[in-house]
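# Descriptive structure summary
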Amino acid sequence: MTPDGRYFVVRGRLWRMADPSLAEGERGTLVRQLMAARRALRGHGTEEDRAAARGAVQRTKEALGERGPVWWTDGAPDENRKLVRNSSYAAWGRSAGVADAPPAGAGRKAQAR
């Protein structure tokens, strides 16, 4: 997690955290809704069902603060999905050892070795 708590890092990329000001109960409800929508995406429904599930994922991630307008108020830009090395967190990422993404084509199996 970045020092300011706004992002977590996976394979050298920043991913926005949920809004920490959400009440625990509200956050839990939203996470359950998100998981249900993701399960619906894996199903064998119609294209309309899948489109509805994608919409539900988007709406829920926005409600969590992971997408859409940023939840912080200091005017810092959204760097969601940026590579750490190409962000304002580059120096921190180098010192924390998370700034470099794995080589292109390195899948999960290759990284696990």
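Let us look at the structure shown here. These numbers come from a predicted model, not from an experiment.

Rules and cut-offs
Residues numbered from 1 in each chain as written. Predicted model: local features only at pLDDT ≥ 70, side-chain atom pairs only at ≥ 80, totals over all residues. Heavy atoms only, no water. Helix = DSSP H or I, 4+ residues; strand = E, 2+ residues; numbered from the N terminus. Buried < 20%, exposed > 50% of the residue type's maximum accessible area, 1.4 Å probe, protein only. Lys, Arg positive; Asp, Glu negative; His and termini not counted. Salt bridge = Lys/Arg side-chain N within 4 Å of Asp/Glu carboxyl O. Polar contact = N/O pair within 3.5 Å; in protein donor to acceptor, adjacent residues only side chain to side chain. Contact = heavy atoms within 4.5 Å. Phe/Tyr/Trp six-rings, centres within 6.5 Å; stacked < 30°, edge-to-face > 60°.

## A word on the side chain of aspartate 19
- Considering the arrangement of structural elements, one finds aspartate 19 in the loop between strand S2 (13-16) and helix H1 (24-42).
- The side chain of aspartate 19 sits in the buried core without any salt bridge; arginine 16 is the nearest counter-charge, 8.5 Å away.
- In this structure the side chain of aspartate 19 is engaged in a polar contact, spanning 2.8 Å, whose partner is the side chain of serine 21.
- In this structure aspartate 19 touches Leu64, Gly65 and Trp71, once residues within four positions along its chain are discounted.

## Thoughts on the packing of aromatic side chains
- Counted under the stated rule, the structure contains 4 aromatic pairs.
- A centroid spacing of 5.8 Å and a plane angle of 65 degrees characterise the contact between tyrosine 7 and tryptophan 72, whose relative ring orientation is edge-to-face. Here tryptophan 72 lies in the loop between helix H2 (47-64) and helix H3 (90-96) and tyrosine 7 lies in strand S1 (residues 7-10), a separation of 65 residues in the sequence. Pair check on accessibility: tyrosine 7 and tryptophan 72 agree, each one buried.

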